[in-house]
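Residue-level structure breakdown
Below, each chain spelled out in residue letters.
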Amino acid sequence: MLDTSKSPSPALPPFDHASADVILRSADNVDFRVFKLFLSLASPFFETLFELPQPNEETKADVEVQDGLPVITVTEDSKTLDSLLRFCYPCTLVDDPSLEKFKDIANVLEAAKKYSLNAIERRVCKTLTNPKVLAGDSLRCFAVTRRARLREECLLAAKYSLREPLVPTWFEEIVLITSTDLLSLIAYHQKCGTVVQSLRNDFSWIESHYRQWNEVHWMLPQKSSGFGTLAMPVKRKDALFGVGPSRWWLDFMDSTFMALRNKPCAETVQSNVEEAIRKVRESNCKTCCLVAPSGMQGFSVHLTRKVEELIATVSSLSLMH
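Residues numbered from 1 in each chain as written. Predicted model: local features only at pLDDT ≥ 70, side-chain atom pairs only at ≥ 80, totals over all residues. Heavy atoms only, no water.

1. Comments concerning the packing of aromatic side chains
So the rule is basically this: Stacked, edge-to-face and tilted are the three classes for Phe, Tyr and Trp ring pairs, Trp counted by its six-membered ring, which pair at centre distances within 6.5 Å; planes under 30 degrees apart are stacked, over 60 edge-to-face, the rest tilted. Going along the chain from the N terminus, every DSSP run of H or I of four or more residues is numbered as a helix, and every run of E of two or more is numbered as a strand. Each residue is assigned to one of three classes by its accessible area relative to the maximum for its type, calculated with a 1.4 Å probe on protein chains only: buried under 20%, partly exposed between the two thresholds, exposed over 50%.
Taken as a whole and assessed by the stated rule, the structure comprises 13 aromatic pairs. Ring plane angle 20 degrees and centroid distance 5.8 Å describe the contact between Phe46 and Phe50, whose orientation is recorded as stacked. Of this pair, Phe46 and Phe50 both sit in helix α2 (residues 44–51), four residues apart, which is roughly one turn of the helix. Accessibility assignment for this pair places Phe46 and Phe50 in one class, buried.

2. Some words on the environment of Arg86
Threshold: For this analysis, residues touch if any pair of their heavy atoms sits within 4.5 Å. Pairs of N or O atoms are called polar contacts if they sit within 3.5 Å, as long as, within protein, a hydrogen donor faces a hydrogen acceptor (for residues adjacent in sequence, only side-chain-to-side-chain pairs).
In this structure, Arg86 sits in helix α3 (residues 78–88). What makes Arg86 buried here is its relative accessible area of 18%. As for Arg86 and Gly68, which are separated by 18 residues in sequence, their C-alpha atoms are 24 Å apart. When neighbours within four sequence positions are excluded, Arg86 is seen to be in contact with Pro13, Pro14, Phe15, Val94, Asp95, Asp96 and Pro97. Looking at Arg86, its side chain comes within polar contact range of the main-chain oxygen of Pro13, at 3.3 Å.

3. A closer look at unusual backbone geometry
For the peptide bond that leads from Pro13 to Pro14, omega is 5 degrees, which places it in the cis range. Notably, Asn29 is not glycine yet its phi reads approximately 70 degrees, a positive angle. Positionally, Asn29 belongs in the loop between β2 (22–25) and β3 (30–34). On the basis of relative accessible area, Asn29 is assigned to the buried category, the value being 7%. If you check the backbone angles, Arg211 has positive phi at about 75 degrees while not being a glycine.

Everything listed is a geometric property; what it means functionally is a separate question.
Given below as structure tokens:
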């Protein structure tokens, strides 16, 4: 529970202006000295509130007044209120707040809805395109932007959600979207995981990139026995420049594309490359340890590019129906 027994603390500039004409007191007991005009222009809620008759001498005892200004207590904490007011004030006086956590954005968004700040609500939603926010809460961002009908922001959140498992776990904002929205997102995710499988079934994209076998010698068998041996039996689709690749490399490809069905994204490729390099180094195969790590890092870039190219071909239009 918030402690309101102490004297109110002043807010940070510019919400401590001596010429302000009203005080908003946050739930954690911070006083924001603000101008009615700015809030009235931003919100019909505040415009109506400030147009109400001011207390006279008989009713003044029921209204808290500080420094001659009426005090309006709100339920938002000071962090949320500060961000909200920065959106309300002219850009010549303050910059928009830097919102880098989903919870902070959600709190400001809820307050914007409460006070009928419609234009500000859309501006707050657009902060959900912050990569830091999307990386940590892509599904929650999708739900909020889908509900707000923000097309580009919604599609971006859907792409970031490919880092999550195909079947999502419950999240609080799931109630904001319909079952059709959720099924469309899952279908998009599944299509992305499926389309990239063509890279595992046909290695011609590797041969067209590297041109000749000695550029991928680290993928090929380095010795007749042990870790860097030939994968047996060699399937025609697995051959590179007519030669069967090493067993460890085919194992890497199999595990990577299995993982891509669930999470079709660059992060899946990179984590599997790192795991393959770790196994190579633990094998104590001197030849493999010497050439495979650097070769795999370069291959990771190429594989990631191909995965993202294929994902870009998947239609996301159904997400906005």
